[in-house]
Amino acid sequence: MNHILRSTQIKAPIEDVWSYLTVPEKIAQWLMPNTFSAEPGHRFTMDCPPGIGSGAPIDCEVKEISPPRDGRARLVYSWIIDSPRTETLLEIDLMEAAGVTHLDLVHSGWAEGESELKTRHAQGWDHLLETALRRLLEH
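Just so you know, these numbers come straight off a predicted model, no measurement behind them. (Residues numbered from 1 in each chain as written. Predicted model: local features only at pLDDT ≥ 70, side-chain atom pairs only at ≥ 80, totals over all residues. Heavy atoms only, no water.)

So, about empty space enclosed by the protein. According to the stated counting rule, one finds one cavity of 30 Å³ or more in the structure shown. Considered as a void within the structure, the largest cavity measures approximately 40 Å³ in volume. Lining of the largest cavity is provided by Leu-21, Ile-27, Trp-30, Leu-31, Met-46, Leu-75, Tyr-77, Leu-90, Ile-92 and Trp-125. Every element with two or more residues in the lining of the largest cavity is listed here: α2 (24-30), β4 (72-81) and β5 (86-97). By residue class, the composition of the lining of the largest cavity is 10 nonpolar, no polar and no charged. (1 Å grid on protein atoms, 1.4 Å probe; cavity = no way out; pocket = protein on both sides within 12 Å on 5 of 7 lines; lining within 4 Å. Points joined across faces, edges and corners; volume = space filled by probe spheres on them. Helix = DSSP H or I, 4+ residues; strand = E, 2+ residues; numbered from the N terminus. Nonpolar A, V, L, I, M, F, W, Y, C, P; charged D, E, K, R; others polar.)

What follows is the structure, given as structure tokens:
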């Protein structure tokens, strides 16, 4: 399997969850400092701190962005690590029902031989989604 799949439910409206995926200051609260802008084609960086990752910036580009509409939203961006050079894709889909937002995250494009890096990312997403993001939204 060349992808990471994580799903979670957050007891918060979809608009609140969306803001933590698309507002740079809010992204920094649970993920990393960044230069994100909610525009297709926008290139940005995530500042990966030493100890968590390589300490080098992660290069990204917004590939698709669909703000909340009719209880659904979608965000897709590239995720490129410089050392070791790894190009992957991050897809996040949101769906709201009865004030609860279901979040599906797919981090794909892992090549053979990247199993250790993929495992570290999988563990990172577990913590980031289940602990960091949920804590901010379910206060």
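Moving on from the coordinates now.
This part covers the side chain of Thr-101. With respect to the element layout, Thr-101 can be found in strand β6 (residues 100-108). Looking at Thr-101, the relative accessible area reads 0%, which means it is buried. Here Ile-14 takes part through its backbone nitrogen, which lies 3.1 Å from a polar atom of the side chain of Thr-101. When neighbours within four sequence positions are excluded, Thr-101 is seen to be in contact with Thr-8, Gln-9, Ile-10, Ala-12, Pro-13, Ile-14, Val-17, Leu-94, Met-95 and Glu-96. (Buried < 20%, exposed > 50% of the residue type's maximum accessible area, 1.4 Å probe, protein only. Polar contact = N/O pair within 3.5 Å; in protein donor to acceptor, adjacent residues only side chain to side chain. Contact = heavy atoms within 4.5 Å.)

On to the environment of Leu-133. When you line up the elements, Leu-133 lands in helix α3 (residues 115-137). Separated by 104 residues in the primary sequence, Leu-133 and Gln-29 place their C-alpha atoms 8.3 Å from one another. Not counting the four nearest positions on each side in its chain, Leu-133 is found in contact with Ile-10, Tyr-20, Trp-30, Leu-103 and Leu-128.

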